[in-house]
Protein chains: 2
Amino acid sequence: MRFRRISLTIGITLCALAALMLLPALIDLVDANQDWQVFLVSSMLTFFIGGLFVFSGIDLESSEIELKEGFVLTTLSWLVTAGFSALPFVGLGLGYTDAYFEAMSGLTTTGSTVLSGLDNLPRGILLWRSLLQGLGGIGIVVTAIVMLPFLRVGGMQLFHTESSDRSEKILPRSAQLIVFIVKIYVSLIVLCTLTFGLLGMTAFDAICHALTTVSTGGFSTHDESFGFYKSAPLEWACIAFMVLGALPFVVLIKAVNGRSSEVWRDTQVRGFVGFLAGVSVLLAIWLAETSEIEFWDALLLASFNVVSITTTTGFANIDYMEWGPFAIGLIFLLTFVGGCAGSTSGGIKTYRFQVAGLLIKGHFLSLMSPHRISPLRYNRRRLPEDVPFSVIAFLAVYMATVAFFTLLLAGLGIDLITCLSAAATAVGNVGPGLGDTIGPAGNFASLPLAAKWALSAAMLLGRLELFTVLVLMRPEFWRD
Amino acid sequence: MRFRRISLTIGITLCALAALMLLPALIDLVDANQDWQVFLVSSMLTFFIGGLFVFSGIDLESSEIELKEGFVLTTLSWLVTAGFSALPFVGLGLGYTDAYFEAMSGLTTTGSTVLSGLDNLPRGILLWRSLLQGLGGIGIVVTAIVMLPFLRVGGMQLFHTESSDRSEKILPRSAQLIVFIVKIYVSLIVLCTLTFGLLGMTAFDAICHALTTVSTGGFSTHDESFGFYKSAPLEWACIAFMVLGALPFVVLIKAVNGRSSEVWRDTQVRGFVGFLAGVSVLLAIWLAETSEIEFWDALLLASFNVVSITTTTGFANIDYMEWGPFAIGLIFLLTFVGGCAGSTSGGIKTYRFQVAGLLIKGHFLSLMSPHRISPLRYNRRRLPEDVPFSVIAFLAVYMATVAFFTLLLAGLGIDLITCLSAAATAVGNVGPGLGDTIGPAGNFASLPLAAKWALSAAMLLGRLELFTVLVLMRPEFWRD
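A short tour of the structure in this document, coming up. (Residues numbered from 1 in each chain as written. Chains lettered and ligands numbered in written order. Predicted model: local features only at pLDDT ≥ 70, side-chain atom pairs only at ≥ 80, totals over all residues. Heavy atoms only, no water.)

Focus on the relation of the copies chain B and chain A
Aligned on chain A, chain B shows an RMSD of 0.0 Å; the corresponding rotation is 180 degrees and the shift along the axis is 0.0 Å. The superposition of one copy onto the other is thereby described by a two-fold rotation axis. Here 100% of the interface residues in chain B have copies in chain A that are interface residues too; the copies meet face to matching face. (Least-squares fit on C-alpha atoms with pLDDT ≥ 70 in both. Contact = heavy atoms within 4.5 Å.)

This is the structure:
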C-alpha cells in the first residue's frame, strides 16, 4: 500500500474543494452577508490541509494505482472530502454531527437534510449545498465509470470500457473518458439551468436546482422543495432532467457522438425508462381512482414522485404520506430500485434487477428441463462468468445492510417505519423517508446524534456500491 | 401430463384426511357435543370425493412420477387438501374464506388464525386445528425430503439423498425413507406430549400442543397461547421441541441410528443452533438493560420468542409489541430466517443464508485477488454447480414475493406495518405479524376477505418453496 499515492490524490481533491468554496463566499460578499468570511476561512483551511497532503504525497515513481490502493483511495477520498465540506456548515452554527451529515448527504447526492427554513437562509449556504451535490454527482460518475469496473465491485465489471482487458492497472484512456463525461455533465447542468430559468425560476434557483437535478441529489432552496413553484411545466422539465441524470453516461456520450439510436437499444436504458413509465401510469390510475384528483394531474404527481424516488433524487412536490398505504408501500419499494449503473443515481440499479431476472428465468427453465444449459446473455453480449455472482452478492449484502441499519436505528428507540425507510433511503442515496419525522414534509434534524452518524455511514456505503468500503473491513485485505 | 396418476395420489390423500376427521368427531361425541355430526358429514363428503379421485386415477401402467407431474401433483394436493380440511370450519359457522384461511394456515403449519375465544371452543375443533398442523408437518417433511430435491427447487438438490443420482424418476428407496421419517416424527410428538403432560398440561392440551410444536405450526388451544400456562419449565420444553422440529429430519435419522456425533458436525445444524443462541442472548441482554426484567427471566422470554419466530412456529407468551422498536425490528427480521431445510419449518432457511454467505465471502476474496479461483465447499462437500444459482434465484424471488403481497395488501387499504409483516409471516409460514391487528395479541379475523385469500396463496407459495407453484404459471411449462 503506497499511502503517498493516495495522499496525493486526496490532496488535489481538497484543493479543488477549497477553490469551490470561494463561489459561495463570492455570492455572500455580493449580498453583503458576513457569511463570506466563513467560506473564506473554510477554504483557506481546506487548501492548507490539502496542500500538506499534496506535498507529503509527491512521488516521482509510477503514478498508476494498484488494486488495493484503489479501494482505500476511493473510500478515504469520500470520507475526507465530506469532513472538509462540512466546515462551512459548522461556521454557520451547526454542530459537527449535523454539518457532517449534511455534507455527506450532499456529496453522496442523497439529499436528506437537517436544515429547515431554507427560504430564509443566505444564498451562500444554499449554493454550497447545491455545489456539493453537483460535485458529488460528477464524482460518482467518474468513480463508477473509471474506478468501480476496475475494482470489479458488485458486477460493475459489466461496464468495463474494455471488457476484454483484465489488467490490474487503470486504463490510460481514462483521462480522455473523464473529459468526455465532464463535458456531458456540465452541458446537462447548463441546459437544465436554462430550461428552469425559461420556465420561471430565478437565475439563482435555476442554477441551484440544475445542480441538484442532474446529480439526482434533491437538495432544494425551498422547504417545500419543487412544490414551491406550483408549475406543471417546471415539474415535467425536472422529470426529464432527473431521468437524464439517471441514464448511463457512457450511453449519453454515444448519443452526443451521433449514435443516438444506441441509447434506446441499450437494455438497461429500455428497462429503466419502461419501468418508470409503467409504475407512473399505475400510480396515476390508482390516485385518480381513489381520490378526487383528475387523471392528468394524477399522472404529473405520480410521474414526478416515482421518477424523483426511483432516480434517487428525492425532490418532493406533495406529502405523499397522505396518499394511503398502497402509494406509501409502492414508494417504499421504489426506494430500493435506483437508476442505471454509470449514472449519478444510487440504489440497487436497473442492470442488477435485469441480471437477477435472467438468473431467475434460467432457474425456471432448468427446473422444467434439467439437462438444458442456456448461456446468459445481457445487452446482446454474453454475460461474463463472474457477473452473476457479483450481482447476487451485491443484492444480498444490500438487503443485509438495510437490515443492519434498521436494527441499529431501532436500538436508538426510533419507530420501525422511520428506521426501515431511513436505512433504505440512506443506503439508496434517495433522500426522504416515510413517516412524519423524515417523510417528504419533514427532515432529519430531530434524529439522535448516533442516528445521524449511522446514516452518514450508510450513505457512503451505498454510494460506493457497498463492497468498496466493506472490503476494507476484512482482515485479509490488510495482510501481505 | 398423466392426470390419472395425479388424481390417484390426491384421492388417497383425501381418504386419509377423511379418516383423520373421525378423531375430532369421536372426541366431540365423548364430550356429548353436537359438533360430532359436522365432522362425520365432512368426513363422509371428503371420503366420497376422495374415492372418486382414486377410481378415476387407477392406472395399471408405471406408477413412477415424471418431473412435470411432480410439480402439478405437489401444488394441487396441498390446494385440494386445504379445500376439504376447511369443511369442518364451515360446518361450525365460519364463512368459506375464513375456513379456507384457517385450514391453509394449519396445513402449511403457519399458525395465523381467524378464531378467537379458543378457550371456550369445543374440543373437537381445537383438536382438528392441531391435527391439521400435525398432518401438514409430516406432509412438508416428506415433500421436502422426497419431492423437492427431485424437483430441484430453490437449491434443495443439495439434499438429494443420493447426490450422484441424476435420474428423473423418484428413487425407489423413497418408501423406506418415508417410513423412517414418519417414525421419527411420531416419536417426537409422543415424547413432546409426555413432556408437556409431565410438566402440568392436561392430556388434551399436551396432545394438541405437541402436534403444533413438533410441526412448528403454532396453533394453541388458548387465546393467550403459551402465555396461558405461565410455566418456565413448559416454555423451556417447548423451546427444545420447536428446535427439534426445525432440524433436518435426515440428520435426526442419523442421530437415532447411533450416529449422533454427525448431528453436531452438520454445517446447517451448527449454523442454525448457533444463530438461535446468539440472537436469544443478544435480545435477553437488551431486554434486561432496557426494562425492569431480570436477566434470567429475560433470557427465557427472549429465547422463547426468538425460537418461536425463527423456527416459524409462532407461539406467543407475551405481547412483544411492547418491547420497543429494537425488539420489534429484530422479530420482523427473524420472520424471514426460518429453520433448516428438510424440517417442518418455513422461511428462507439456514442453508440458503450459508450458501449466500459463501458466495459473498467468495466475492470479497475475488475482489482482493481477481485471479484466484476458490471452489465453494458446503458441509465438507463441494457445492454442486447449480446450487448457488438456485439459492440466489430463491432469495430474489422470496423478497419479490413478500414485496408483491405487501403491495397487494396495501392496495386493500391496510397500514404498511401490517401489510409488510403479514406478507412476511405468511410467505415464511410463521404465524403472527406486527401491529395491533395481526400482532401476537391479535388475530387475522378483521382483515378483508381479499386479504385472506391473498395470504392463503402466500402461505402455499412459501410452504412449497415458491418455485414449485410459480413454475406452473409459466407458459413454457404447459407446452409440448
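Alright, that's what it looks like, and here's the rest.
Side note on the environment of Thr195(A)
Residues and elements named next belong to chain A. Inspection of the secondary structure puts Thr 195 in helix H8 (residues 174-198). Overall, the relative accessible area of 23% leaves Thr 195 in the partly exposed class. Separated by 42 residues in sequence, Thr 195 and Ala 237 have C-alpha atoms that sit 7.3 Å apart. Residues contacting Thr 195, with those up to four places away along its chain left out, are Ala 237 and Phe 241. In this structure the side chain of Thr 195 is engaged in a polar contact, spanning 2.6 Å, whose partner is the backbone oxygen of Leu 191. (Helix = DSSP H or I, 4+ residues; strand = E, 2+ residues; numbered from the N terminus. Buried < 20%, exposed > 50% of the residue type's maximum accessible area, 1.4 Å probe, protein only. Polar contact = N/O pair within 3.5 Å; in protein donor to acceptor, adjacent residues only side chain to side chain.)

Focus on the interface of chain B and chain A
On the side of chain A, 52 residues touch chain B, which itself brings 52 residues to the contact. Along the contact surface separating chain B from chain A lie two residue pairs in polar contact (both at pLDDT 80 or more). Sorting the residues of the side of chain B that touches chain A by element identifies helix H3 (67-85), helix H14 (325-334), helix H15 (350-368), helix H16 (387-411), helix H17 (416-427), helix H20 (467-470) and helix H21 (475-478) of chain B as the ones contributing at least two each. Ranked by the residues each element gives to the side of chain B that touches chain A, the list is headed by H16(B), at 12 residues. When the residues that make up the side of chain B that touches chain A are grouped by side-chain class, the tally is 37 nonpolar, eight polar and seven charged. (Nonpolar A, V, L, I, M, F, W, Y, C, P; charged D, E, K, R; others polar.)

Concerning the packing of aromatic side chains
Going through the model one piece at a time under the given rule, you end up with 45 aromatic pairs over all chains. Residues Phe295(A) and Trp296(A) carry aromatic rings whose centres are separated by 5.3 Å and whose planes lie at 80 degrees to one another, so their mutual orientation is edge-to-face. The class for Phe295(A) is partly exposed, based on a relative accessible area of 30%. With centroids separated by 6.4 Å and ring planes inclined at 70 degrees, the aromatic side chains of Phe196(B) and Phe241(B) adopt a geometry described as edge-to-face. (Phe/Tyr/Trp six-rings, centres within 6.5 Å; stacked < 30°, edge-to-face > 60°.)

A few points about a positive patch on the surface
All names here are of chain A. There is a patch of like positive charges on the surface, built from Arg 265, Arg 270, Arg 380 and Arg 381. Counting through the fold element by element, Arg 380 comes out in the loop between strand S1 (377-378) and strand S2 (381-382). The exposure class assigned to Arg 380 is partly exposed, which follows from its relative accessible area of 46%. (Patch = residues over 30% accessible without salt bridge, like charges linked within 9 Å, V, L, I, M, F, W, Y side chains within 5 Å. Areas by Shrake-Rupley, 256 points an atom, 1.4 Å probe, with all protein chains shown as cover. Salt bridge = Lys/Arg side-chain N within 4 Å of Asp/Glu carboxyl O. Lys, Arg positive; Asp, Glu negative; His and termini not counted. Charge placed at Lys NZ, Arg CZ, Asp CG, Glu CD.)

Quick notes on the packing of H3(B) against helix H5 (residues 96-107) of chain B
Residues and elements named next belong to chain B. Running from N to C, H3 and H5 cross one another at 125 degrees; their axes reach a closest spacing of 8 Å. Our classification of the angle between H3 and H5 gives oblique. Viewed along their axes, H3 and H5 form a crossing whose handedness is right-handed. For the pair H3 and H5, the contacting residues are Trp 78, Leu 79, Thr 81, Ala 82, Gly 83 and Ser 85 in the first and Tyr 96, Tyr 100, Ala 103, Met 104 and Leu 107 in the second. (Axes fitted to C-alpha atoms, helices over the stretch in contact; angles between N-to-C directions. Parallel < 35°, antiparallel > 145°, perpendicular 65-115°, else oblique. Left-handed = near helix turned anticlockwise from the far one by under 90°.)

Here's the deal with the packing of helix H9 (residues 232-245) of chain B against helix H13 (residues 295-310) of chain B
All names here are of chain B. Running from amino to carboxyl end, H9 crosses H13 at an angle of 30 degrees, the nearest separation of the two axes being 10 Å. One finds that H9 runs roughly parallel with respect to H13. Considering how the two elements wind past one another, H9 and H13 form a crossing that is left-handed. Packed against H9, whose contacting residues are Ala 232, Glu 235, Trp 236, Cys 238, Ile 239, Met 242 and Val 243, the element H13 presents Leu 299, Leu 300, Ser 303, Phe 304, Val 307 and Ser 308 at the interface.

Section: the state of the cysteines
Using the criterion set out here, one finds zero disulfides over all chains in the structure. Between Cys419(A), a cysteine without a disulfide, and Cys419(B), which holds the nearest cysteine sulfur, the sulfur-to-sulfur distance is 19 Å. We classify Cys419(A) as buried; its relative accessible area is 0%. The thiol of Cys192(B) is unpaired, and the distance to the nearest cysteine sulfur, on Cys238(B), comes to 7.0 Å. (Disulfide = S-S within 2.5 Å.)

Just distances and angles here, no functional claims.
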